[in-house]
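# Reading the structure
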Amino acid sequence: MNSNPPIVVVEDDPWTRLIGVVLDPATSQERCAAFADFMSPDEPDFAGWCQGLRARAGRLYPSEVRLVPSDAELRVNLAPACALVVESFAVGADELGCAPRLKVVHKYGTLLRNIDVAACAAAGVRVLGVRRRANIACAEHAFALMLTLARRIHRINGLISIEQLSAANFPYRPFDRRHVPGGNWGRIAGTRSLNGSTIGIIGLGEIGREIALRAAAFGMEIWYFQRTRLPPCEEEALRVSYRPLDALLAESDWVVPQLPDDPSTRHFVGREQLALMKRGACLINVSRAEAVERNALIDALRSGHLGGFALDPLYEEPGRFVDALLGFDNVILTPHMAGSPRSNGLQDIEDLITGLAQALFE
């Protein structure tokens, strides 16, 4: 046991708390047990995973991990810190001036907009990042939801017999195969393709960019809106085009609000924004449910103006079987699955901890 363990300051977040579980022996058994339970669907040997990562962390284990909930608490705790982990907190000259022993700043992500990289370099502080697999999984889930709506998979799965098709209001009438192809012999209307359609992403943060990368692979026209427009070189690299919010809503076939969880984004897509959307367009929300005003959403679905809606996570967790959204055949709700499996987050934390260990001791 180190007599003077390294001090690691960490922006408090449900996932970054795992750093303390792994590195800090003073972490409560209650928290350790809670994480073991949380990981159990995908990592039944959570204790073994922790032990293996501690071994790879070398001299970084054990550490004193200080979780800080605010920028002010961050600065208060920086003086003895050798390492700092942040997600959204700013790291600039003021923070570095409070941290004479700091050797490395690790962004829990890849976008370094909140970190003054030049100031870190001048202070001799390394800056690291991690492309979070959980963010990639969220983007994949967004496309799973889009494809399900586009191909009506949730409505036609298993409808392979004449009896099943008839029961689902798709009466079977065979095509004249002497003259025509045999595709869609169930005569199911209303499917659409992603290729050639327009996706409007509201917020090109970490997950928004992962969505844009995949939209490009599908051959979609990619528009985005956010408060600060990207430099032209970034737009070109991501193959995205900026549009004012009203234009994006009015002309997109798929609208994806990818917004942070804060008061400014609550009901960002409300009655006015839904009315601006192209009739028949679909709304895909894998950020926070409250970004879309629920009552206005239900009205837009009832009127037929909104062509489809998909949501993960939900407005209420667990949800209720009487939820009005379940009454629409063009709505998909999944129980907070977008970032799964847990191995995504575990591997992200593995990369983060081993990156800190290498920066500090190799």
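Report follows, based on the coordinates. As the structure is a computational prediction, the values presented were derived from the model and not from experiment.

## Quick look at the side chain of His106
- Here His106 is to be found in strand E4 (residues 104-107).
- A relative accessible area of 2% places His106 in the buried class.
- Excluding anything up to four places from it in sequence, His106 contacts Leu84, Val85, Val86, Leu128, Gly129, Val130, Asp351, Leu352 and Leu356.

## What to know about the packing of aromatic side chains
- What the rule picks out here adds up to six aromatic pairs.
- With centroids separated by 5.5 Å and ring planes inclined at 75°, the aromatic side chains of Tyr224 and Tyr242 adopt a geometry described as edge-to-face. In this pair, Tyr224 sits in strand E7 (residues 221-225) while Tyr242 sits in strand E8 (residues 241-242), placing the two residues 18 residues apart along the sequence.
- Relative accessible area serves as the criterion here: at 0%, Tyr224 is assigned to the buried category.
- Look at Tyr242 and you get partly exposed, because its relative accessible area is 23%.
- Consider the rings of Phe225 and Tyr242, whose centres lie 6.2 Å apart with planes at 35°: the pair is tilted. Remark: Tyr242 occurs in strand E8 and Phe225 occurs in strand E7; sequence separation between them is 17 residues.
- Aromatic rings pair up to connect Tyr224, Phe225 and Tyr242 into one cluster.

## Notes on helix H3 (residues 46-57)
- Between its first and last C-alpha atoms H3 spans 16 Å; for 12 residues at 1.5 Å apiece the expected length is 16 Å, and the two agree.
- Of the residues making up H3, those classed as buried are Phe46, Trp49, Cys50, Leu53, Arg54 and Ala57. Within H3, the buried residues cover an arc of 135° as seen down the axis, which keeps them to one side. Facing away from the buried side of H3 by over 90 degrees, the exposed positions are Ala47 and Ala55.

## Quick word on the packing of H3 against helix H15 (residues 342-361)
- Their axes nearest at 9 Å, the elements H3 and H15 cross at an angle of 25°. With respect to each other, H3 and H15 are oriented roughly parallel. Here the hand of the crossing between H3 and H15 comes out right-handed. Where H3 approaches H15, its residues Phe46, Trp49, Leu53, Arg56 and Ala57 are matched on the opposing element by Leu346, Ile349, Glu350, Ile353, Thr354 and Ala357.
- Its residues assigned to classes, the contact of H3 with H15 shows eight nonpolar, one polar and two charged.

About the cut-offs
Residues numbered from 1 in each chain as written. Predicted model: local features only at pLDDT ≥ 70, side-chain atom pairs only at ≥ 80, totals over all residues. Heavy atoms only, no water. Helix = DSSP H or I, 4+ residues; strand = E, 2+ residues; numbered from the N terminus. Buried < 20%, exposed > 50% of the residue type's maximum accessible area, 1.4 Å probe, protein only. Contact = heavy atoms within 4.5 Å. Phe/Tyr/Trp six-rings, centres within 6.5 Å; stacked < 30°, edge-to-face > 60°. Expected span 1.5 Å × (residues − 1). Arc of directions from axis to C-beta. Axes fitted to C-alpha atoms, helices over the stretch in contact; angles between N-to-C directions. Parallel < 35°, antiparallel > 145°, perpendicular 65-115°, else oblique. Left-handed = near helix turned anticlockwise from the far one by under 90°. Nonpolar A, V, L, I, M, F, W, Y, C, P; charged D, E, K, R; others polar.

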